Amino acid sequence: MNYTLDTFRAEVRQAIAATGRVPEALIEVTAPKPNIPADLAFPAFRAAKELGLNPAQLAQELAAAITPAGDSLIGQVTVAGPFLNFALNPHKLAPAVLDEVHHLGKRYGHDDTGQGQTVLVEYSSPNVAKRMHVGHIRTTIIGQALFNIIQALGYKTISDNHLGDWGKQFGVTLLAIEHEGKPAGAGELAVAQLEEIYAKYSNLIKEDPALDEAARAWSLRLEQGDPQARELWQWCVGLTMSYISPLYARLGIHFDTVHGESFYEDKMQPVIDAALEQGIAYRDAKGAVVVEELEKLPTFLLQRSDSGTLYLTRDAATVAFREAEYQPTKIVYVVDARQELHFRQVFALAKRLGYAAGAELIHISFGVVNDQHGEPLSTRKGNMIFLQALLDEAHARARAVVDKTSPEFSEAERERIAEAVGMGAVIYNDLYQDSKRSITIDWDKMLALEGNSAPYIQYMHARCRSILRKAGEEEAGLGRSHTADQAEYAALLIHPAEQGVIKQLAKLPEAVREAGARYATFVIAEWCYETARALAAFYRDCPVLKAEAERRAGRLYLVAATAQALENGLGLLGIKAPERM
Ligand code: ARG
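Please read all numbers here as calculations on a predicted model, not as lab measurements.

Undergrad: What is the right way to look at the overall build of the chain in this model?
TA: Summing up its helical and strand segments, the chain has 19 helices and 12 strands in all. Once the C-alpha set of the chain is aligned to its principal axes, its extents read approximately 90 × 70 × 40 Å. Each of the 581 residues in the chain was classed as buried or not, and the buried ones make up 54%. If you take every contact in the chain between residues at least 6 apart in sequence, the share linking residues at least 24 apart comes to 72%. Of the roughly 25700 Å² of accessible surface on the chain, 51% is carried by carbon and sulfur atoms. Between the mean site of the 60 positive side-chain charges and the mean site of the 74 negative ones, the chain shows a separation of 3 Å.

Undergrad: Would you explain the pattern of salt bridges in this entry?
TA: Between side chains of opposite charge, pairing is possible as soon as their charged atoms come close. In the structure shown here, the tally under the stated rule is 38 salt bridges. Here Glu61 and Arg21 are joined by a salt bridge, their closest N and O atoms 2.5 Å apart. Here the residue Glu61 occupies a position in helix α3 (residues 55–65), and Arg21 occupies one in the loop between α1 (4–18) and β1 (40–43), the gap between them amounting to 40 residues. Assessed through its relative accessible area of 28%, Glu61 is described here as partly exposed. The salt bridge partner of Arg322 is Glu122, with a shortest N-O separation of 3.0 Å. Residue Arg322 is found in helix α11 (residues 311–326), and its partner Glu122 is found in strand β4 (residues 118–122); the two are separated by 200 residues along the sequence. When sorted by exposure, Arg322 lands in the same class as Glu122, which is buried.

Undergrad: For this particular structure, what's the right way to read the nonpolar core?
TA: When a protein is soluble and globular, its nonpolar side chains tend to lie buried together. The biggest cluster of nonpolar side chains holds 160 residues, and the ones touching the most others in it are Ile16, Phe42, Phe86 and Phe538. In terms of residue count, the dominant contributor to this core is helix α18 (residues 521–541) (12 residues). What Phe538 contacts, discounting residues up to four positions off in sequence, is Ala497, Glu498, Val501, Val544, Arg555, Leu558 and Val559.

Undergrad: Explanation requested: the site of the ligand in the structure shown.
TA: What surrounds the ligand is the set Glu122, Ser125, Asn127, His136, His162, Tyr311, Asp315, Tyr333, Val335, Gln339 and Phe343. Separating a nitrogen atom of the ligand from a backbone N or O atom of Ser125 is a distance of 2.9 Å. Notes on the ligand: free accessible area 350 Å², of which the protein chains cover 89%.

Undergrad: Would you mind showing me how to read the environment of Leu556 here?
TA: Along the chain, Leu556 turns up in helix α19 (residues 549–573). Assessed through its relative accessible area of 1%, Leu556 is described here as buried. Those residues in contact with Leu556 that sit more than four places away from it in its chain are Ile467, Leu468, Ala471, Glu475, Gln486, Val544 and Leu545.

Undergrad: Help me understand the sheet that holds strand β7 (residues 289–291) in this model?
TA: Hydrogen bonds along the backbone pair up the strands of a sheet, which may run parallel or antiparallel. Overall, antiparallel pairing links the three strands, which are arranged β6-β7-β8 in an open sheet. Sheet topology places β6 (281–283) and β8 (300–303) at the edges, where each strand pairs with a single neighbour. Between one strand axis and the next, the sheet turns through 35 degrees on average, direction left out of account. The pairing of β6 with β7 spans three bridges and is antiparallel.

About the thresholds
Residues numbered from 1 in each chain as written. Predicted model: local features only at pLDDT ≥ 70, side-chain atom pairs only at ≥ 80, totals over all residues. Heavy atoms only, no water. Helix = DSSP H or I, 4+ residues; strand = E, 2+ residues; numbered from the N terminus. Buried < 20%, exposed > 50% of the residue type's maximum accessible area, 1.4 Å probe, protein only. Contact = heavy atoms within 4.5 Å. Areas by Shrake-Rupley, 256 points an atom, 1.4 Å probe, with all protein chains shown as cover. Lys, Arg positive; Asp, Glu negative; His and termini not counted. Charge placed at Lys NZ, Arg CZ, Asp CG, Glu CD. Salt bridge = Lys/Arg side-chain N within 4 Å of Asp/Glu carboxyl O. Core = buried A, V, L, I, M, F, W, Y, C linked by side-chain atoms within 4.5 Å. Near = heavy atom within 4 Å. Polar contact = N/O pair within 3.5 Å; in protein donor to acceptor, adjacent residues only side chain to side chain. Pairing = 2+ DSSP bridges. Axes fitted to C-alpha atoms, helices over the stretch in contact; angles between N-to-C directions.

Given below as structure tokens:
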């Protein structure tokens, strides 16, 4: 799509081309150096060199030859050494950007660059009969945000939850249930009990060959479709999903498909056959199917000597299925950094087997989660945080903040806001920096109403909504509405603080494109934070409701656009924007 800053860039290029001094191919525009009061720069070095001229002189001559038309987005054109700098025309910028936001509404910032292409994003993928811990929370939150961003760019998207619902370990789980019975109750507690008896029997089978044999037998029965084994296994899947689904809902997580590992159970033989046929794998003396020296990667198995398949075999079958089913241009896996080697092996195998001829396979990994003392959370150390507890604590702490800031709100409304703020804080903490970096669960920072946090941005958004409500009430009291002609006064918005906000709004589309291209949620988070800060400066310097009529109308137009854009930015991250706080 063509947004205001795209038009500006095109106008700058045209203006340079129109001088007839620089061939099109040599016109490269960039961001100006910091502290230069301009919005685009043309560094004249390369063109000057090609043309055999002095760069500073060329810049001077171009500046002299360019006179932007009155209705152009180009304002002042200045020269600093070899740089030709172009400032935006403040009178034109405000109406152009604000009209765009008002016109596109919830779609402002969205794009069509991905049209005609399909991207599959796989995230969350927790394990059945296990609680979701902070590592899974990271893939869930990062994955959903990347999905939202990619979708906003116009790609056809599929979100898939590759549930860990298959494998040898289920033999032990079923054995444990046979001996200990199904845990009572539901939710995280019941799943925790399953984990506990699983751990107990994992230890017992190490010492007791008969029990080990029994676990194997359960595993085999499950694979062969024995009804009792299937029923128990299905019960585990159901219990896990009914525990996770409400938590997903709280975080705004949604999947188009939940094709767990078991879905690929009958799709692996072709992978094994093809690898053997093409000489990528061989069958060893004991009957195992081995892949050796594939792109210098460590050796791995596709089938064990007892004919069982492996996690990796299922992942290879998954690529084949996705390719055949969706013909995606990209498959994005949002998974823990510890699985990096696994994915290098899967991707190399899939490419060699010709499964992903048209698809780029991308592993997006992420760093660990630390507690507030900087200690990595770990089940072994006993400081692990599980999903349910994390969300409940976020809610409770947010509720305490809301009770303090807005005691006048009704109980129900404070609950609603606490949920939006609590979930927002958890989500933002996962997304505001490069996902490769580790994050810290530091509640005070996460819930701070000042600084780089979700509540601060949500609060700045709510302030916009509250001003708009008050303006509406005042105008209704006077029996008139200004909303209709607000747009006419947008050209008055040339105060630096007004322009600061408007330039931020203008940058959202570019932020979305960059976030999508780099799989970088922090680009959107930074945009949200910078916008909230620009807004704070605007509120400090520019009265809205008390301004004289025309200025007030223009500023209300700006405030409404900012509320919309902030809502959109937060929405891409999966964060709600409450109307009041
Ligand atoms: N279930 C796995 C785990 O919890 C993650 C699955 C990642 N996705 C995949 N296609 N292998 O470790």
